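# Architecture at a glance
One letter stands for each residue in the lines below.
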Amino acid sequence: MWRSPSSTPQSGFHYDRVVLVLLASLLALSTPVVAWWSRDGVAWYLPYLIWLGLIAMIALALRGFRVDIEDEDDNPR
Amino acid sequence: MSLELGPLFAAIVAYLTLLFLVAYAGDRGWLPERLIAHPLTYTLSLGVYATSWTYYGSVGFAQSQGYLFLTIYLGVTVAFALTPILLAPILRLTREYQLHSPADLFAFRYRSQAAGVLVTLFMLAGALPYIALQIRAVTESLGILTQEAPPRVLALGFCVTLTVFAILFGARHVSPREKHLGLVGAIAFESLVKLAALLGVAGYALFGVFDGPTGMQTWLDANPEALRAMTRGALEGEWFTLLVLAFAASFLLPRQFHMLFAESLRPNALRTAAWALPLFLLLLAIAVPPVLWAAQAAALPTPPDYHVLGIALHSGEPWLALVAFIGGVSAASAMLIVTTLALSSMCLNHLLLPASYPDPQLNVYRWVLWGRRLLIALIVAAGYGFTLLLEKHEGLVQLGLLSFVAVAQFLPGIVGVIYWPRATRAGFIGGLVGGAGVWVWALILPLLHNAGLTLHDFGVGAALAEWQTMTGGGKWSFATFWSLAMNATLFATLSLATRPSAAEVEAAGACCRNSLLPPMGFVEAATPAQFVNQLSRILGADTAQLEVHNALADLGLDPGETRPSELRRLRDRIERNLSGLIGPQLARMVVEQRLALSGAPNRTLADTMRFMEDKLEQSRSQLRGLAAELDQLRRYHREVLQHLPLGAVAVGAGREVVLWNNAISDISGISRFQALSQPVDTLPEPWDGLLGDFLDDADSERVKRQVRIGQQQRWFTLHKASISDEREDDTGGEVILIEDLTGVQTLEAELAHSERLASIGRLAAGVAHEIGNPLTGISSTAQLMSPDDGPDAIRESADMIVEQSRRIRDIVQTLVNFAHAGRTASTDRGPDLNAFRPVAMTGCVDEAMRLVSLSRDAKQIEFRNHVDTGVRVQGDRQRLCQVLVNLLSNAADASQPGDQVEISADADADHWVLRVRDHGHGIPDDIREHIFEPFFTTKDPGQGTGLGLPLAFSIVRDHGGSLSIGDPPVAPDGNARGIEFRIRLPAAGLTS
C-alpha cells in the first residue's frame, strides 16, 4: 500500500539508532568508563548489568528492521 | 571422587547418538519446521561460538586475567549491534549469490581465484590450532575426571565419531543449496546442553559451596583480593585488542560464517539473534565468577582451565560431573562439526575443484559430495595431528586467540566488500599476505619455538619486549596491531595504486549496491534447451538439465522462454546457483565459457527500468531523507499507472514493452511479467498486430479497432503519444492508452434495435392503412367472382388478387427486414467490420423511402432518389438502411405536405457523399451541435426518442465514415431553408 511521501520510510527503521548503540557500546567498553565499573568496591555483577543494558538497547534499536533480500520468500528451502 | 573411563566414553557415544537422533529428526521433518526455523533456534545454533575454550577455558582465563575474559563475549555484542550495517549486508550477499564461506565471499567480490585460495589456506591455518584445542579439551577433561592419563586412541575415536557425524548431517545433500535443517537443530540442541550444564555447575558453586549469593558475597568481603584480581583485567592493555578480535571472530570464523549466513533459514531471524546471542553469551559468562571463586574457596587442585569439572567433582555427585563433562563434549563437538563442514566447503571450491575439475561424464553432484566428505575427514585428521604436535605447550585460550588474530586479517577485506567499491584484488591479496606474514612471525613462530620445533624465535621476543615497554600491552595487542596495520596499509595503498578490472567493478556494484544499471549484453544461446546443451559439455547432461530447470523454476520462467532479457537473467541465476555448488569463480568461468554473451553490448529501456525498480525495492528500508521521499513519489506514480482504468502500454525506442498496467493485463489476458521486455511484434495475437500496426501508423493518434479475442468480438479505441525527454535528443518511446468500448458498443446495438422497433411502432398506422387497401381490393374481387364468369374473367380476378397479395407481402417483407438486427453482417453486440460487403446505395435509398412512405405523415411528402446505381459503398446494408430511414423520417417530420425530400450522391476522392435534403423548418444554429447527442430531441414528448440521429451518427462512424450537417438547401421558391445531412462513406473496394 502506498503511503504519502511525507510519511516515514516503509520499514520504520532508522539507522541513526545503530550509530547510537555503537557509541554507547564504545563508551561503556573502551573508554575510561571501563575503569569506573571495574574499580574496587563495586558489585561484582555491575559489568553484567551494563552488558544487559547494551543488549536491551540493541533489541530496542533493531525494532522494525528487516533484511531485504531479492527473491526471498523468507521460508527455508 | 573420580569416574571410570568406560562409562565416560559410553556417555560420549550416548550423547552423540542423541545428537544424531535430534539431527535425523530435523532432517526427516519429524521436528516441526516452525521450531527449526524459529529465530531462537537460529540464535542457539550461533551459540557454536562458545566452544570448549569458553566452556572450560574462561574460568582459567578469568583467574589469570580477570574480567578480560568478558571481551571475548563483548566483542560479539558490539558486532551484533551493527547487524543492519554489517551482518545484514553480508547475509544479503551470501543469500543472493549463493556464497557459503568467507573464501566464496572474497573470491566473488575481488573476482580472483587467488584470493579464494589464499583465504582458504589462511583460514585452514588459523582453524587447525582451534580444532586441536577442542580435541585436547575433551581428552584432558577425561584425564581430569578419571584422574589418569587417557589413552590417545580415545581422542582418535572421538575424532572419527565426529567425522561420521559431520558427513552424515553436513555433507548429505546432493545440492548445497538445500539447508541442513537437522544440523541447525542439532547445533542449537548442543548450545542448550552446554548452557544448562554450565549453569548447573555454577548453581552448585553458588548454593553448594557458598550457601547462596549472600554466602558468596560474604566470602568476597572476606577475600577482597579475589574481586580485585577479577577487576584488574579490565584495565590492562589487552582489553581493546581482545574486543576487536572477538568482534572479527563473531562473524568471520569459519563456523560462525557458516551458521550465521550459509545455514540461515530465515533472513529476518538475524534481528532476533542480534540481541538474543549476546544474551545467551551473557548467561554463559555469568557462570564464570561463581565457579572460579568457588574453586578458590574450596582450594581445588584442578588446573584453572578445568575448574568447571573440578567443582562438579567436588560436589561428590557423579551425575553432576557427568553433566559437566557432557557440556564440554557438546561445546567441542559442535565447533568441530561446523568448522570442518565450513572448511571442507572452502577447500573443495577453492583448492580441490580448481586443481582437478571432474570429467563431465561423471555426476558432478556426486563428485562434489564425496570430495566434501573426504575433505572433512582430512581436516579432522589434520586437527588431530596438530593436537599431537603442540600437546600441552599452550593453554586453551592461547590456541583460541591464535585463530582470532588470523580471522581479524579479513576485516580490511570486509570493508572492501561492503563499503569501499574502490578496493581491488591487488590490495586485498597484498594486505592479506602482509597481515598473514606478521601473524606467522609474531604468533606461529614463537609457538613452534616453544614446542621445540625451531631453534630461533626470529626476533619476536625482543620486539615484544620493546612493545611491552612502550605500550604496556602483551603479545596479542602486539600481534594484532602490527598484523592489522600491515594489512590495512597494504590494502589501502595497493587498492589506490591499481585499477579495478571491469569484473571487479561489477562485483563491487553488486556488493555495495551502488549500481543501478543492469548487466550488459545478451546470451548467444537462444533457448533454455540450448543452455542445457552448452552447459552439458562441462557439467554433464544430468547436472546441466537440473541446474537449468532449477534456475527456470527460481525465476518463474517457462522452458520455452526466448526473451533475450529473460535469458540473460536465467544466465545470471545459473551462475548464482552454480556458485553454491562449485564456488563463485568456477561458476563464473563455466558460465562465461559456455553461455557467452553477444559481442554488441545492449541494454533495453525495459531492462534498465526493471533492474532499477528491483534494486530500489530491495533497498527501500535503506533509503533515507530525500531519497526515501523520491522513492515514495516514484511508487505513487507507478501505482497511478498500474491502477489506471484504461489499458496503458509504454514501449521503448526498440519497441519493447516497458509498461503494462493492470487494466491491459485484464483486457488482454497477458500478465505484466509475460509482456515486459517483449517486443510488441512478438506479443500473442491479436495484440502484436493491433499495437504494432498502430505504432507504425504515423498519421493517426487515435483509432478504433475491432478484434476477435477467443469467441468474442471486442472494440477498442487506441490513443498514442510520444514520450520525449526534453533533455535528450533521442526518443523515449511511445505510450498507448487502450479503451475497451465493447460495453458501449453493445449498448449502442441494443439502442439501435429498440429504435428500429420504435420506428416500426410509429409506422404502424400507415402500415395498417397500406395493408388495408389491398386487403379490401382482394376481398371485393373475391366477392365479385362468380362460377358463371368465364375463364378470362376468373383469370383476371385471380391476377388482381395475386397482385394485391404481392403488395402486402412486400410491405411485410420490408418491415421484417428493417426489424431484424442485420444478422447477415452484424452480431448481437454490434457490427462485424470484417463482414462488410459492397452495398448499392440506390436500392438502399428505395427501401428506406418505401418504409418511411408507410407513415401517414410522410404520405404527402415527395421523396426523390437521385442516387445512381453505380454508387456502392462498403458496409452493412441493413444498418445503412437504418441510417437513411432515420434521416428520411426526420426530413418527413420537418417538412410540410407537398414538400420534396431529395437524396443524391457525389464522389469525393475514394468516398461517396450522400446528401439528404429537405426544405422543412431546419435546425436553429444554437442547437446544431447537440443534435447528435443521445436523447436530444426537438419533438414533442412521445413523438421521438432522441436516438435516431445519434444512432445514425454511430453507424456511419462504425463504417469509417462521417455524418455532418451541410448548408441549408435552396428550395424551389429560391429561398435557402431546411437542412442537408451529408453521409460520407468509403467507396466499395477501398476499405476493410
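Counting restarts for each chain, with residues numbered from 1 along the sequence as it is written. For naming, the first written chain is A and the first written ligand is 1, with later ones following in the order written. It should be noted that, the model being predicted, local features are given only for residues of pLDDT at least 70 and side-chain atom pairs only at 80 or more, the latter also being counted only at that level, while totals for whole chains, interfaces and linings use all residues. Water and hydrogen atoms were dropped before computing side-chain values, which therefore reflect all heavy atoms in the structure.

The next thing to look at is the overall build of chain B. Helix and strand counts for chain B come out as 40 helices and 14 strands. Burial status follows relative accessibility: with a 1.4 Å probe on protein chains alone, a residue under 20% of its type maximum counts as buried, one over 50% as exposed, and anything between as partly exposed. The buried share of chain B, reckoned over its 992 residues, is 57%. Contacts are assigned to residue pairs that have any heavy atoms within 4.5 Å of one another. Within chain B, residue pairs in contact and separated by at least 24 positions form 75% of the contacts whose partners lie at least 6 positions apart. The Shrake-Rupley method, run with a 1.4 Å probe sphere, supplies the accessible areas, and residue values consider only the shown protein chains as cover. For chain B, the accessible area works out to roughly 39,700 Å², and carbon and sulfur atoms hold 58% of it. Helix and strand labels come from DSSP, where a helix needs a run of H or I of at least four residues and a strand needs a run of E of at least two; each type is numbered from the N terminus.

Below, the discussion takes up the pattern of salt bridges. Residues and elements named next belong to chain B. A carboxyl oxygen of Asp or Glu within 4 Å of a side-chain nitrogen of Lys or Arg is what we treat as a salt bridge. This model, assessed by the stated rule, comprises 20 salt bridges over all chains. A salt bridge links Asp572 to Arg568; its shortest N-O distance comes to 3.4 Å. With a gap of 4 residues between them, Asp572 and Arg568 both fall in helix 28 (residues 564–582), about one helical turn apart. The pair formed by Asp572 and Arg568 is uniform in burial state, with each residue classed as buried. Of the charged contacts, one joins Asp681 and Arg655 as a salt bridge, the two residues approaching to 3.1 Å between their closest N and O atoms. Here the residue Asp681 occupies a position in the loop between helix 33 (672–675) and helix 34 (687–696), and Arg655 occupies one in the loop between strand 1 (647–651) and strand 2 (657–660), the gap between them amounting to 26 residues.

Now for the confidence of the model for chain B. Residues and elements named next belong to chain B. Scored by pLDDT, chain B has a mean of 83; 89% of the residues are at 70 or more. Across chain B, element-level confidence peaks in helix 15 (residues 269–286) with a mean pLDDT of 95 and bottoms out in strand 6 (residues 826–827) with 44. Note: pLDDT gives the predictor's confidence per residue, expressed from 0 to 100. This stretch, residues 821–830, has a pLDDT under 50; its non-local contacts, to residues over four places away or in other chains, come to 24 contacts.

All names here are of chain B. Note that strand 9 (residues 862–865) and strand 11 (residues 900–908) share 4 bridges and pair parallel. Note on strand 11: the bridge partner recorded for Glu862 is Gln900. Pairs of strands are assigned from DSSP output, requiring at least two bridges between the strands. Examined bridge by bridge, strand 11 and strand 12 (residues 911–918) share 8 bridges and lie antiparallel to one another. Its bridge partner being in strand 12, Glu902 is matched across the sheet by Arg917.

Residue and element names in this part refer to chain B. Here the bond from Glu685 into Pro686 is cis, since omega is 0°, no more than 30 degrees from zero. Summarising the element assignment, Pro686 is placed in the loop between helix 33 and helix 34. With a phi close to 60°, Asp211 is a non-glycine residue in the positive phi region. With respect to the element layout, Asp211 can be found in the loop between helix 10 (181–209) and helix 11 (213–222).

Turning our eyes to something else, we now look at the nonpolar core. Of all hydrophobic cores here, the largest spans 228 residues; its most connected members are A:Trp51, B:Phe69, B:Phe251, B:Trp293, B:Phe325, B:Phe404 and B:Ile574. In terms of residue count, helix 18 (residues 318–355) of chain B provides more of this core than any other element does, 19 residues in total. If we ignore the near neighbours within four places in the chain, the residues touching B:Phe404 are B:Tyr49, B:Trp53, B:Ile72, B:Tyr130, B:Leu245, B:Ala246, B:Ala249 and B:Leu253. To qualify as a nonpolar core, a set must consist of buried Ala, Val, Leu, Ile, Met, Phe, Trp, Tyr and Cys residues joined through side-chain atoms within 4.5 Å. Ranked by size, the runner-up nonpolar core spans 47 residues in total, among them B:Val845, B:Val873, B:Leu880 and B:Leu884.

Before going further, it helps to spend a moment on the side chain of B:Ser797. For B:Ser797, the position within the fold is in helix 36 (residues 791–819). Non-local contacts of B:Ser797, meaning those with residues more than four positions away in its chain, are made with B:Thr781 and B:Met785.

Our next topic: helix 31 (residues 625–642) of chain B. All names here are of chain B. Under the convention used throughout, the expected extent of a helix is 1.5 Å for every residue step, that is, one less than its residue count. In a regular helix each residue adds 1.5 Å, so 18 residues correspond to 26 Å; helix 31 covers 26 Å between its end C-alpha atoms and thus fits that length. For helix 31, the full list of buried residues reads Ala628, Asp631, Gln632, Arg634, Arg635, Arg638 and Gln642. Looking straight down helix 31, one finds its buried side chains confined to an arc of 160°; they lie on one side. Picture the helix axis, draw a direction to every C-beta atom, and the arc is the one those directions span.

A few words now on the packing of aromatic side chains. Aromatic contacts are taken between Phe, Tyr and Trp rings whose centres are within 6.5 Å, Trp giving its six-membered ring; a plane angle under 30 degrees counts as stacked, one over 60 as edge-to-face, and the others as tilted. Throughout the structure, instances matching the rule amount to 35 aromatic pairs over all chains. Both rings, one in B:Tyr110 and one in B:Phe428, keep their centres 4.6 Å apart while their planes meet at 10°; by these two values the pair is stacked. Of this pair, B:Tyr110 sits in helix 7 (residues 102–110) while B:Phe428 sits in helix 22 (residues 425–450), placing them 318 residues apart in sequence. With respect to burial, B:Tyr110 and B:Phe428 carry one shared label: buried. Taken together, A:Trp37, A:Trp44, A:Tyr45, A:Tyr48, A:Trp51, B:Tyr67, B:Phe69, B:Tyr73, B:Trp239 and B:Trp293 form an aromatic cluster joined through their ring pairs. Geometrically, a charge over a ring is one whose NZ (Lys) or CZ (Arg) sits within 6 Å of the ring centre while staying within 35 degrees of the ring normal. Lying across the ring of B:Trp370, B:Arg373 places its NZ or CZ 4.6 Å from the centre.

The next point concerns the environment of B:Arg232. All names here are of chain B. Along the chain, Arg232 falls in helix 12 (residues 224–232). For the pair Arg232 and Gly66, spaced 166 residues apart in sequence, the C-alpha to C-alpha distance is 6.0 Å. Not counting the four nearest positions on each side in its chain, Arg232 is found in contact with Gln63, Ser64 and Gln65.

Another aspect to go through is the sheet that holds strand 9 of chain B. Residue and element names in this part refer to chain B. Taken in spatial order, the 5 strands line up as 9-11-12-14-13 in an open sheet, and their pairing is mixed. In this open sheet, the two strands that pair with only one neighbour each are strand 9 and strand 13 (962–965). Pairwise comparison of adjacent strand axes, ignoring direction, gives a mean angle of 20° for this sheet. Against the sheet, helix 37 (residues 841–854) touches strand 9, strand 11 and strand 12, its axis set at about 170° to strand 9. For helices, the fitted line uses only the C-alpha atoms of the stretch in contact; every axis is such a line through C-alpha atoms, and the angle between N-to-C directions lies from 0 to 180 degrees. Packed onto the sheet, helix 40 (residues 948–958) meets strand 13 and strand 14 (979–986) and runs at close to 135° relative to strand 13.

Let us now look at the packing of helix 16 (residues 288–297) of chain B against helix 17 (residues 307–314) of chain B. Residues and elements named next belong to chain B. With their axes 9 Å apart at the nearest point, helix 16 and helix 17 run at an angle of 60° to one another. Relative to helix 17, the element helix 16 is oriented oblique. Considering only the axes of helix 16 and helix 17, their crossing is left-handed. Residue-level inspection shows Val291, Leu292, Ala294 and Ala295 of helix 16 in contact with helix 17, the latter providing His307, Val308 and Ile311. For this scheme, ten residues count as nonpolar: Ala, Val, Leu, Ile, Met, Phe, Trp, Tyr, Cys and Pro. Four count as charged, namely Asp, Glu, Lys and Arg, and the remainder, Gly too, count as polar. When its residues are assigned to classes, the contact of helix 16 with helix 17 shows 6 nonpolar, 1 polar and no charged. Angles are sorted into four bins: roughly parallel if under 35 degrees, roughly antiparallel if over 145, roughly perpendicular if 65 to 115, and oblique for all others. Put simply, a crossing is left-handed when the front helix is turned counterclockwise from the back one by less than a right angle, and right-handed when it is turned clockwise.

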